[in-house]
Amino acid sequence: MNKPVPQPGIMEIDLYVGGASGAPGSNVVKLSSNENPFGPSEAAVKAAGVAAHQMHRYPEIDGYSLRAALADKYGLEADKIILGVGSDEILQMICNAYAGPGDEVIYTQHGFAMYRICALGAGATPVEVPECDRVTDVDAILAAVTDATRIVFIANPNNPTSTMIGLAEVTRLADSLPPHVVLVLDGAYAEFVEEYDGGAELARTRPNVIMTRTFSKLYGLGGLRVGWGYAQRDVIDVLNRLRAPFNISTIALEAAKAALADTAHIDKSLAENARLRVWLSEALAAIGVQSDASMTNFILARFHDQEEAEACNDYLKSQGLIVRPVASYNLPHCLRITVGDEPSCRRVAHAIGAFKAGARA
Ligand SMILES: *Cc1c(COP(=O)(O)O)cnc(C)c1O
């Protein structure tokens, strides 16, 4: 060996591709990363500004004050919460803690890209199982479990499909897995579902279930990188050994606490999203573009084939509309479109209508 060689699996990782963006200040509408179209809470921006004056100080070592605020808001226990640099970091800690060479990590056909990346990063073997018409298939997951399985990841609701399975199915999955298998319930979009706790109760009562959540979607803080996990104390203790001390900055902690408390901004974001995701889906259906009922803040628009989806993506780009092609999620004939504010929804529906009527980039 005449040069450094990375661990097995590392070179199999395809770099994560984020949603594209346009030049700042341009008339481009970015609907590619499921961000909050109304931006961050004003209170969060203000809190970040105040906290900036303390940036010479180290932050809380374990983000205690934000964990307490989360516990208070969601009715959980602060010492069973761990914070991550985005929930992505929690997913990574989980893989590093519970899987290694020779172990298998299960995720679904259209599952979030980070599951494979984190599994390979830990040296484990990724195992992709089929979904049933773009919906998580619990039986397919159970059928894929072997003695080597260590972790099962599902996002519920899932990105990029926008679909979810009900709590009864999630519970059946949790109860049917061998007790040594960790079940990760990625709740990045849980806030957008009424009457759904993201799997918190399962994580509270089952020693092998971890719920992950994020401030990047509903709360509009993707740029600050704050996510969290909730599980029983033994699991949190394991993950904390891998967590870098001081991983969440003071600015991020203060902004996240303010965002949690800004119920007016949250309510407005939820109400507009609930209204506009139905509007957009119906507007597209009227011009022959189908989508599943969305449980999230985006819709997955289905075209005839890959060629049409790519042509539509090119046309939208030429109109200053950025959406997300999802060929890498085994959905080459689809485009994922974040539910924007009303003008953005109208603009994208209008442009797709023009494309369907024959317009080309
Ligand atoms: C956006 C997203 C995340 C993670 O986002 P972070 O910004 O890292 O918190 C996790 N899972 C799914 C399914 C997502 O869509």
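Residues numbered from 1 in each chain as written. Predicted model: local features only at pLDDT ≥ 70, side-chain atom pairs only at ≥ 80, totals over all residues. Heavy atoms only, no water.

In the nomenclature of an unreviewed UniProt entry, the chain is known as Histidinol-phosphate aminotransferase of Donghicola eburneus. In its Sequence similarities (unreviewed entry) section, the UniProt record describing the chain reads: "Belongs to the class-II pyridoxal-phosphate-dependent aminotransferase family. Histidinol-phosphate aminotransferase subfamily." Database annotation for the chain, UniProt heading Cofactor (unreviewed entry): "pyridoxal 5'-phosphate". (UniProt positions renumbered as here; feature names shortened; annotations may be inferred.)

Visitor: Honestly, the overall build of the chain in this entry has me stumped. Any pointers?
Guide: A count of helical and extended segments in the chain gives 12 helices and 12 strands. A globule of 361 residues ought to have a C-alpha radius of gyration of about 21 Å, and the chain, at 20 Å, matches this closely. By principal-axis analysis of the C-alpha atoms, the chain measures approximately 60 × 55 × 50 Å. Scored against the burial criterion, the 361 residues of the chain give a buried share of 51%. The long-range fraction of contacts in the chain, counting pairs at least 24 apart against all pairs at least 6 apart in sequence, stands at 74%. In the form shown here, the chain has an accessible surface area of approximately 15900 Å², with 54% of it arising from carbon and sulfur atoms. (Helix = DSSP H or I, 4+ residues; strand = E, 2+ residues; numbered from the N terminus. Rg over C-alpha atoms; globule rule 2.2 N^0.38 Å. Buried < 20%, exposed > 50% of the residue type's maximum accessible area, 1.4 Å probe, protein only. Contact = heavy atoms within 4.5 Å. Areas by Shrake-Rupley, 256 points an atom, 1.4 Å probe, with all protein chains shown as cover.)

Visitor: Explain the sheet that holds strand 2 (residues 81-84) here, please?
Guide: Each strand in a sheet pairs with another by means of backbone hydrogen bonds, the pair being arranged parallel or else antiparallel. Here seven strands make up an open sheet; going across it, the order is 2-8-7-6-5-3-4 and the pairing mixed. Each having just a single partner strand, strand 2 and strand 4 (125-129) make up the two edges of the open sheet. For this sheet the average axis-to-axis angle between neighbouring strands, irrespective of direction, equals 20 degrees. Where strand 7 (residues 209-214) lies against strand 8 (residues 227-230), four bridges are found, and the strand directions are antiparallel. (Pairing = 2+ DSSP bridges. Axes fitted to C-alpha atoms, helices over the stretch in contact; angles between N-to-C directions.)

Visitor: Would you mind going over the UniProt feature "modified residue: N6-(pyridoxal phosphate)lysine" (unreviewed entry) in the chain with me for this structure?
Guide: Feature annotation in UniProt places "modified residue: N6-(pyridoxal phosphate)lysine" (unreviewed entry) on K217, given in this structure's numbering. Here K217 lies in the loop between strand 7 and strand 8. Among the residues examined, K217 registers a relative accessible area of 14% and is labelled buried. With near-sequence residues (within four places) excluded, K217 lies in contact with S33, N34, N36, A188, Y189, F192 and N297. A polar contact of 3.2 Å, which involves the side chain of K217, links it to the side chain of Y189. (Polar contact = N/O pair within 3.5 Å; in protein donor to acceptor, adjacent residues only side chain to side chain.)

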